[in-house]
Amino acid sequence: MEFTAQQIAELINGTVEGNKNQVIRDVSKIEEGRPETLTFLANPKYEQHIYNTDASVVIVNNSFKPEKPVKATLIRVEDAYQALARLLQMYESSLPKKTGIEQPSFIDSSASIGEFAYIGAFAYISEKAKIGNNAQIWPGAFIGEGVEIGDNTIIYSGTKVYKNCKIGNSCIIHAGAVVGSDGFGFAPGPDGDYQKIPQVGNVVIEEFVEIGANTTIDRATMGSTIIRKGAKIDNLVQIAHNVEVGSNTVIAAQTGVAGSTKIGKNCMFGGQVGIAGHLKVADQVKMAAQTGVAKSITKEGAVMMGSPAMDAMQYNKSYVMFRKLPAIYQQLQELEKKVSEK
Amino acid sequence: MEFTAQQIAELINGTVEGNKNQVIRDVSKIEEGRPETLTFLANPKYEQHIYNTDASVVIVNNSFKPEKPVKATLIRVEDAYQALARLLQMYESSLPKKTGIEQPSFIDSSASIGEFAYIGAFAYISEKAKIGNNAQIWPGAFIGEGVEIGDNTIIYSGTKVYKNCKIGNSCIIHAGAVVGSDGFGFAPGPDGDYQKIPQVGNVVIEEFVEIGANTTIDRATMGSTIIRKGAKIDNLVQIAHNVEVGSNTVIAAQTGVAGSTKIGKNCMFGGQVGIAGHLKVADQVKMAAQTGVAKSITKEGAVMMGSPAMDAMQYNKSYVMFRKLPAIYQQLQELEKKVSEK
Amino acid sequence: MEFTAQQIAELINGTVEGNKNQVIRDVSKIEEGRPETLTFLANPKYEQHIYNTDASVVIVNNSFKPEKPVKATLIRVEDAYQALARLLQMYESSLPKKTGIEQPSFIDSSASIGEFAYIGAFAYISEKAKIGNNAQIWPGAFIGEGVEIGDNTIIYSGTKVYKNCKIGNSCIIHAGAVVGSDGFGFAPGPDGDYQKIPQVGNVVIEEFVEIGANTTIDRATMGSTIIRKGAKIDNLVQIAHNVEVGSNTVIAAQTGVAGSTKIGKNCMFGGQVGIAGHLKVADQVKMAAQTGVAKSITKEGAVMMGSPAMDAMQYNKSYVMFRKLPAIYQQLQELEKKVSEK
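Residues numbered from 1 in each chain as written. Chains lettered and ligands numbered in written order. Predicted model: local features only at pLDDT ≥ 70, side-chain atom pairs only at ≥ 80, totals over all residues. Heavy atoms only, no water.

Here we take up the overall build of chain A. For chain A, the count of helices and strands is four helices and 40 strands. Taking 342 residues into account, the globule formula puts the C-alpha radius of gyration at 20 Å, and chain A, at 26 Å, lies well above it. Each principal axis of the C-alpha atoms in chain A carries an extent, and together these give about 85 × 70 × 30 Å. Here chain A, with 342 residues, has 58% of them falling under the buried criterion. Across chain A, the fraction of contacts at a sequence separation of at least 24, relative to all contacts at a separation of at least 6, is 16%. A total accessible area of about 13,400 Å² is found for chain A, and carbon and sulfur atoms account for 50% of it. (Helix = DSSP H or I, 4+ residues; strand = E, 2+ residues; numbered from the N terminus. Rg over C-alpha atoms; globule rule 2.2 N^0.38 Å. Buried < 20%, exposed > 50% of the residue type's maximum accessible area, 1.4 Å probe, protein only. Contact = heavy atoms within 4.5 Å. Areas by Shrake-Rupley, 256 points an atom, 1.4 Å probe, with all protein chains shown as cover.)

In structure tokens:
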């Protein structure tokens, strides 16, 4: 690719400050900027780098006020991060897309494949499965019996979708993810052994959802495990049976949600969070990484931390004291002594 | 399917309270009950739902005493959860089962395949592997050299079993699980680099074991990593080299057990538990989610919590105080002042 | 195999103490030693077993001084663990190695395959991919467009490598690992929904790296996620976009490193560690299992523990007090009462 700063600015509704004809040929991170590349500054933590980056063009927020001279040409926009997103999306959509059916693949005669879909080699499409228009099923993916994959959805290599699960339009499921494995349900027997509870429900993933690599989403015991529209789930996350994840909720890597818990919309969970089963989490709740939740969270927009979880500010205050505990203990002993001696 | 309440009651040794001829066509969760469906009430937490569920028939414990009128027909049994398990098992076993060898698959000429086994397309059966009778090897699974898979065992799509591992009868291994990858063993060299210790042992999984999706079980350095009869292991669990998991022990998702640790039988671990290497955990030990274990647990039936782990009741008492730490600190300072001023 | 103690000693530069002609046919762990097997003693925790092991030959450190009579023949070496590593490596390299291209596999006509490489059945080699000499691509692995795999590197079954990633020489990538999946990057929109930031960077893995089963390493937003020479990463680890892991750093299972964090060389992290994004971790830093890191660690060789992380010794001191908190609280209340009554 080759563009001028002015051409880029027009694509993202920005204004150029500097050399309008500056050519750019690639993108780079601001701290690793190279000549003739385009970069961006959104996180203020990285502002220092704009003063000596070798990138030729930097997209910045309209509100950005340089504190020192900037060598690079700037493109000012309302929201630099969003503008970058749009630009990279345009770039991605300009790349050739895979279509057609590669051989050898396995497509049951009762399955239906949408227009312009891609079925990679070694992909397996089971009986009565339906693959949407423009959908991509990458090599080695497994699509179970009766599964529905929506239009424009991408199922990357080696993803496994068990029978009867439904994945909506415009989703992305990354490599190695497992959708619809059995929920973890056993009835204890008299001798300490366990009887399996067959899991006869499914998983329903609504549209615009992204699921990370090697993430697992179990099918419901009965009914559906549900991931609502626009939710974004990172790698190696565990979603247990009958969980519901609300719309536009974002869950970072290695988080686990136990069975039947209902999570609100627009929540944000850090990595390695654990949420026990049969709970409710309100809308817009935020959780710090490694938070452990043992009770329902009813307050919208609560910010939680610790295990078991409490209000994050309260946790931090207690943790400051935790660090001081040996000193507190000593102070108490000395005080005790002092009082006794009085 | 279509049954009457009376027919269901006969299958599970129950007694009908209400309309014996009530037709049911599906199952549902009590809180999402629909007409002409069968549901159950076992967890008292869900009792409120029985008074307004639209499900037509509810399986309950003999001991259940309604506190308000119940619209649905009841089937009373000794243990509602067990009865449900049995019923769903009957349903599952009535479904048609896959058998035969799909093409293209790869079966080494020295491998042996049991009667009525299913080998899915793109499955790979290595030299000298033995697949039991009625076993199912789903599409894209990899069965290494010399591996033995027992009768009636199901290996779901994309599961990988490295060479020489043994999986017993009537096991279920979910999609994406890896059995027999190298244990994490390196000898530190003089320059800070590491020499790999080849892992020449294997993994032995006894009968009636269930292994979750994308779980990893490493082969032993020498000897065997062992999962005993009836153990149930959830998704994304890590079992390191030379670990032994006792019979009927239940391990929830994202738990990790480090090398050479021996875990007793009938234990129950919550999610995201971590257990250090070279330890012993006694029988019937319970661990709360996110517990971190750094020392052996010798007391049978101990209930553990925290990181590092302690007795759960003690942990909870200390944690109540942790929440109060800022107030405790302040009280101490004020007391100090008071004493000084006296 | 069949060797005498003397033959083994010569291979590892050791001296025999006992029966030079003792035959060994296999290896075993010292606590499970069987006659005619070779074992080793390196970890002093296992010393007790040397006095009653049934193994016929034990490799020990030159410095080992038995406290009781030892029945087995000893081979004394400088470093028993290293000697074992070397011995097992010799054994492994004596096994026949897979080479050649199995059918059916999918190799794009623009891909290049090195000499003596192995391409298993159902492996997929995309356009312009380059597979090194003696490299092994096991069945069902997916190698994306433009990917480079170095000489002697082993990619186990079902591993997925997304487009443009580079894996160096002499690496081992275990089954189910995902290299190059999209980083988790979204720009928040005005309605609480999210716009995907396409991830146009890649992953670069240098030589002598080992990556565990089902581990996920995301591609960079721009630039590269980098795993430096000799790093060893265990199973189910999450490495986010634009992370850098330093040379010879060892990361145990289920650890997660968030985006753009730079980790030094020769670090050692226990299992289930979590490290937040945009941080720096100095060289030779050690972290206890389950440590949670929220701030950069600038001190070389620091030993960290807790969540949020602090110096491990300090954490342990505070944790001793945490255990005593109910007693401390009571002491404080009694003291308060005493002071009030004076």
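Next, the rest of the story.
So, on to the interface of chain C and chain B. In this complex, chain C contributes 67 residues to the contact, which on the side of chain B involves 74 residues. At the surface where chain C touches chain B, the tally comes to three salt bridges. For Lys98 of chain C, the salt bridge goes to Glu127 of chain B, with nearest N and O atoms at 3.6 Å. Between chain C and chain B we count 34 residue pairs in polar contact (both at pLDDT 80 or more) in total. For the side of chain C that touches chain B, the elements supplying multiple residues, two or more each, are helix 2 (80-94), strand 28 (232-233), strand 31 (250-251), helix 3 (312-323) and helix 4 (325-341) of chain C. By residue class, the composition of the side of chain C that touches chain B is 36 nonpolar, 18 polar and 13 charged. (Salt bridge = Lys/Arg side-chain N within 4 Å of Asp/Glu carboxyl O. Polar contact = N/O pair within 3.5 Å; in protein donor to acceptor, adjacent residues only side chain to side chain. Nonpolar A, V, L, I, M, F, W, Y, C, P; charged D, E, K, R; others polar.)

Residue and element names in this part refer to chain A. Spatially, 2-7-6-5-4 is the arrangement adopted by the five strands of the open sheet, whose pairing is mixed. Of all strands in the sheet, those bounded by a partner on one side alone are strand 2 (15-17) and strand 4 (26-27). Pairing of strand 5 (residues 37-41) with strand 6 (residues 57-61), which is carried by four bridges, proceeds in the parallel orientation. Each bridged residue has a counterpart across the sheet, and for Thr39 the counterpart in strand 6 is Val58. Taken strand by strand, helix 2 (residues 80-94) contacts strand 4, strand 5, strand 6 and strand 7 (73-77), and its axis lies near 130° from that of strand 6. (Pairing = 2+ DSSP bridges. Axes fitted to C-alpha atoms, helices over the stretch in contact; angles between N-to-C directions.)

What follows covers the pairing of strand 24 (residues 202-205) of chain B. Residues and elements named next belong to chain B. In terms of strand pairing, strand 19 (residues 166-167) meets strand 24 through two bridges, oriented parallel. Note on strand 24: the bridge partner recorded for Lys166 is Val204. Pairing geometry for strand 24 and strand 27 (residues 224-227), over four bridges, is parallel. Opposite Val203, over in strand 27, you have Thr225 as the bridge partner.

Now for the relation of the copies chain A and chain B. If you rotate chain A by 120° and push it 0.0 Å along the axis, it lands on chain B with an RMSD of 0.1 Å. The two molecules are tied by a three-fold rotation axis, judged by turn and shift. (Least-squares fit on C-alpha atoms with pLDDT ≥ 70 in both.)

Residue and element names in this part refer to chain B. Mapped onto the elements of the fold, Thr221 is located in the loop between strand 26 (216-218) and strand 27. Here Thr221 falls in the buried class, since its relative accessible area comes to 9%. Apart from the residues within four sequence positions on either side, Thr221 is in contact with Ile197, Pro198, Gln199, Val200, Gly201, His241 and Asn242.

Our focus in this paragraph is the interface of chain A and chain B. By convention, interface size is frequently given as the accessible area that disappears when the constituent parts associate. Across the contact, 75 residues belong to chain A and 67 residues belong to chain B. At the boundary of chain A with chain B, total buried surface from both sides reaches about 5,600 Å², with 60% on carbon and sulfur atoms. Taken together, chain A and chain B are joined by three salt bridges. Linking chain A with chain B are 34 residue pairs in polar contact (both at pLDDT 80 or more). Listed by contribution, the elements that provide at least two residues to the side of chain A that touches chain B are strand 21 (178-181), strand 22 (186-188), strand 23 (194-196), strand 26 (216-218), helix 3 (312-323) and helix 4 (325-341) of chain A. Among the residues making up the side of chain A that touches chain B, the classes are represented as 34 nonpolar, 28 polar and 13 charged. (Buried area = accessible area lost by both parts, 1.4 Å probe.)

Further remarks concern helix 2 of chain A. All names here are of chain A. When the terminal C-alpha atoms of helix 2 are compared, their 21 Å separation across 15 residues agrees well with the 21 Å that a helix rising 1.5 Å per residue should span. All of the buried residues in helix 2 are Ala80, Gln82, Ala83, Leu84, Ala85, Leu87 and Leu88. By the N-cap criterion, in which a side-chain oxygen at the helix start approaches the backbone nitrogen of a residue two or three places on, helix 2 is capped by Asp79, the distance to Tyr81 being 3.1 Å. (Expected span 1.5 Å × (residues − 1).)

Here we come to helix 4 (residues 325-341) of chain B. For helix 4 of chain B, spanning 17 residues, the distance from its first C-alpha to its last is 24 Å, which sits close to the expected 24 Å at 1.5 Å a residue. Along helix 4 of chain B, the residues classified as buried are Leu325, Ile328, Gln331, Leu332, Leu335 and Val339 of chain B. For helix 4 of chain B, the angular spread of the buried residues around the axis is 115°, confining them to a single face. Facing away from the buried side of helix 4 of chain B by more than 90 degrees, the exposed set consists of Lys337 and Glu341 of chain B. Of the surrounding elements, those touching the buried residues of helix 4 of chain B are helix 3 and helix 4 of chain A, helix 3 (312-323) of chain B together with helix 4 of chain C. (Arc of directions from axis to C-beta.)

Quick look at the sheet that holds strand 36 (residues 280-281) of chain B now. All names here are of chain B. The strand order across the open sheet built from nine strands is 10-13-16-19-24-27-30-33-36, with neighbouring strands paired in parallel fashion. Because the sheet does not close on itself, it has two edges, and the strands there are strand 10 (112-113) and strand 36. Sheet topology note: the strand 13 (residues 130-131)/strand 16 (residues 148-149) ladder contains two bridges and is parallel. The residue of strand 16 that forms the bridge with Ile131 is Ile149.

In this section: the domain arrangement of chain A. For chain A, the assigned domains are domain 1 (3-94) and domain 2 (100-312). Taking only C-alpha atoms, the centre of domain 1 of chain A and the centre of domain 2 of chain A are 36 Å apart. (Domains from an automatic or database assignment.)

The next thing to look at is the packing of helix 3 of chain B against helix 4 of chain C. Relative to each other, helix 3 of chain B and helix 4 of chain C sit at 55°, their axes nearing to 8 Å. Considering their axes alone, helix 3 of chain B and helix 4 of chain C lie oblique with respect to each other. Judged by residue contacts, Lys317, Ser318, Met321 and Phe322 of chain B of helix 3 of chain B engage Leu325, Pro326 and Tyr329 of chain C from helix 4 of chain C. A per-class count over the contact of helix 3 of chain B with helix 4 of chain C returns five nonpolar, one polar and one charged. (Parallel < 35°, antiparallel > 145°, perpendicular 65-115°, else oblique.)

A few words now on the UniProt feature "active site" (unreviewed entry) in chain A. Residue and element names in this part refer to chain A. In this numbering, the UniProt entry assigns the feature "active site" (unreviewed entry) to His241. Of note, His241 is situated in the loop between strand 29 (238-239) and strand 30 (244-245). In this structure His241 comes out as buried when scored by relative accessible area, which is 13%. In contact with His241, not counting residues within four places along its chain, are Gly183, Phe184, Gly185, Gln199, Asp218, Arg219, Ala220, Thr221, Thr225, Gly259 and Ser260. (UniProt positions renumbered as here; feature names shortened; annotations may be inferred.)

Residue and element names in this part refer to chain B. Position of Thr53 relative to the elements: it lies in the loop between strand 5 (37-41) and strand 6 (57-61). For Thr53, a relative accessible area of 3% puts it in the buried group. In terms of polar contacts, Thr53 uses its side chain to reach the backbone carbonyl oxygen of Ile30, at 2.9 Å. At a separation of 3.2 Å, a polar atom in the side chain of Thr53 contacts the main-chain amide nitrogen of Ala55. Apart from residues no more than four positions distant in its own chain, Thr53 is found in contact with Ile30, Gly33, Val58 and Lys71.

For the rest of this paragraph, the subject is unusual backbone geometry. The omega torsion of the bond from Ser307 of chain A to Pro308 of chain A falls at 0°, within 30 degrees of zero and hence cis. With respect to the helices, strands and loops of the structure, Pro308 of chain A is situated in the loop between strand 39 (303-305) and strand 40 (310-311).

Let us now look at the pairing of strand 7 of chain A. Every other side chain in a regular strand lies on the same face of the sheet, so the side chains alternate between the two faces. Residue and element names in this part refer to chain A. Of all five residues making up strand 7, five are buried, and the element is well covered by its neighbours. Going residue by residue along strand 7, you find Thr73, Ile75 and Val77 tucked away on one face and Leu74 and Arg76 tucked away on the opposite face as well. Relative to strand 7, strand 2 runs antiparallel, the two sharing three bridges. Bridging across to strand 7, Val16 finds its partner in Ile75.

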